[in-house]
Amino acid sequence: VRVYNDIEFNLGGRFYHGWWQYLPRIYRPYITINHQVVAELDYKHLHPSIMYSKIGYEVLPPNFDSYTLDIENFCPKHRDSVKQAFQCLINTDSRKTALNAIRSLGLSTIFPFGPKKLMELLIEKHNPISSMFFDSSLGKKLQRIDSDIAEYCMLEMLNVHKTIVLPVHDSFIVQQDMITALQEVMSTAYKVFTGNNIAIDEKSFTLWHPFERLGFDDLENYKGYEEQTTWFIETHNRESNLPFMP
């Protein structure tokens, strides 16, 4: 279902309650669709890209990452905090409330400076769109756009390519033989709703072999599933890797 945040249906609208959305991220690679392994594609920093598109940026530079800072020893764990801090800037109504949100979430604890410096660096990095910050409805307005994009992608894949994709807000799980089709649909969808272009990433899944981790009973179940999958692929002349393989 789509969940809106206002009675005019202008805010929010993201899709919720799909069972795959509640899976821990480490288990998503083991989903199969039509007995095929899956990939997950997502838009690269979607909300910042939409904001930059509003001031005339057709596409962000390939080497530009909205969630990095030019500081010494920056690493992936820092990026997660910066991404959350960015959300604070577009979901609060003032510098003070944004700063309090960053502080209460402990987002600056892994940096050699405090929450105020983190906020200032982020505002400085995004100076071209900084005038849009501190609007408590902005994040939900952007969610309305990204949820419309998600709806477009799901319906287009279903109606044109006869396959389903599983949305996780701005990313989509798809069977591997449909990766190229989904990439094209995602690019088209973004252009339809923004008039511009965006980079699309394939999330790298780290798989472990089931024989190494499963208990005896689960392993027997897996072997039975593997046999059924092989039979299905051979019966329907499908060319595919077996699911769950590293």
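Structure's up top.
The text that follows walks through the structure, step by step, so that each part is easy to find. (Residues numbered from 1 in each chain as written. Predicted model: local features only at pLDDT ≥ 70, side-chain atom pairs only at ≥ 80, totals over all residues. Heavy atoms only, no water.)

1. Remarks on the overall build of the protein chain
The helix and strand inventory of the protein chain stands at eight helices and seven strands. Sequence separation of 24 or more characterises 66% of the internal contacts of the protein chain that already satisfy a separation of 6 or more. Carbon and sulfur atoms provide 51% of the accessible area of the protein chain, an area that totals close to 13500 Å². Averaging the coordinates of the 24 positive side-chain charges in the protein chain and doing the same for the 30 negative ones gives two points 9 Å apart. (Helix = DSSP H or I, 4+ residues; strand = E, 2+ residues; numbered from the N terminus. Contact = heavy atoms within 4.5 Å. Areas by Shrake-Rupley, 256 points an atom, 1.4 Å probe, with all protein chains shown as cover. Lys, Arg positive; Asp, Glu negative; His and termini not counted. Charge placed at Lys NZ, Arg CZ, Asp CG, Glu CD.)

2. A closer look at a nonpolar patch on the surface
On the surface, Val1, Val3, Tyr16 and Tyr22 cluster together into a nonpolar patch covering about 390 Å² of accessible area. Secondary-structure assignment places valine 3 in strand S1 (residues 2-4). (Patch = residues over 30% accessible without salt bridge, like charges linked within 9 Å, V, L, I, M, F, W, Y side chains within 5 Å. Salt bridge = Lys/Arg side-chain N within 4 Å of Asp/Glu carboxyl O.)

3. Topic: the environment of glutamate 124
Relative to the assigned elements, glutamate 124 resides in helix H4 (residues 115-125). In this structure glutamate 124 comes out as exposed when scored by relative accessible area, which is 59%. Residues glutamate 124 and serine 49, spaced 75 residues apart in sequence, show a C-alpha to C-alpha distance of 17 Å. (Buried < 20%, exposed > 50% of the residue type's maximum accessible area, 1.4 Å probe, protein only.)

4. Quick look at the nonpolar core
One finds Tyr43, Met51, Leu118 and Phe133 to be the most contacted residues of the largest nonpolar core, which totals 53 residues. Broken down by secondary-structure element, the contributors of at least two residues to this core are strand S4 (36-43), helix H1 (46-53), helix H2 (76-89), helix H3 (95-104), H4, helix H5 (138-161), strand S6 (171-175) and helix H6 (179-194). With eight residues, H5 is the largest single contributor of residues to this core. If near-sequence neighbours (up to four positions away) are discounted, methionine 51 is found in contact with Phe86, Ile90, Ile129, Met132, Phe133, Leu138 and Leu142. (Core = buried A, V, L, I, M, F, W, Y, C linked by side-chain atoms within 4.5 Å.)

5. Observations concerning the state of the cysteines
Tallied over the entire structure, the rule returns zero disulfides. With no disulfide partner, cysteine 75 has as its closest neighbouring cysteine sulfur the one in cysteine 88, 19 Å distant. Accessibility expressed as a relative area gives 23% for cysteine 75, which makes it partly exposed. (Disulfide = S-S within 2.5 Å.)

6. Considerations on the packing of aromatic side chains
Across all of its chains, the model carries 10 aromatic pairs by this definition. With a centroid separation of 5.0 Å and 70° between ring planes, the pair formed by tyrosine 52 and tyrosine 57 is classed as edge-to-face. Between the aromatic rings of phenylalanine 86 and phenylalanine 133, the centroid separation amounts to 5.7 Å while the plane-to-plane angle is 90°, which identifies the pairing as edge-to-face. Here phenylalanine 86 is found in helix H2, whereas its partner phenylalanine 133 is found in the loop between H4 and H5, with 47 residues between them in sequence. Take phenylalanine 86: its relative accessible area is 0%, and that puts it in the buried class. Using a relative accessible area of 5% as the deciding quantity, one classes phenylalanine 133 as buried. Three or more aromatic residues link up through ring pairs in this structure, and these residues are Tyr67, Phe86, Phe133 and Phe134. (Phe/Tyr/Trp six-rings, centres within 6.5 Å; stacked < 30°, edge-to-face > 60°.)

7. What about H6?
Compared with the 22 Å implied by 1.5 Å per residue over 16 residues, the 22 Å span of H6 between its first and last C-alpha is a close match. For H6, the set of buried residues is Ile179, Ala181, Leu182, Val185, Met186, Ala189, Tyr190 and Thr194. Projection of H6 onto a plane perpendicular to its axis shows the buried side chains occupying an angular sector of 165°, all on one side. Among the exposed residues of H6, those oriented more than 90 degrees off its buried face are Thr180 and Glu184. Packing partners of the buried residues in H6 comprise S4, H1, H5, S6 and strand S7 (200-202). The first or second residue beyond H6 is glycine 195, which carries a positive phi of 80°. (Expected span 1.5 Å × (residues − 1). Arc of directions from axis to C-beta.)

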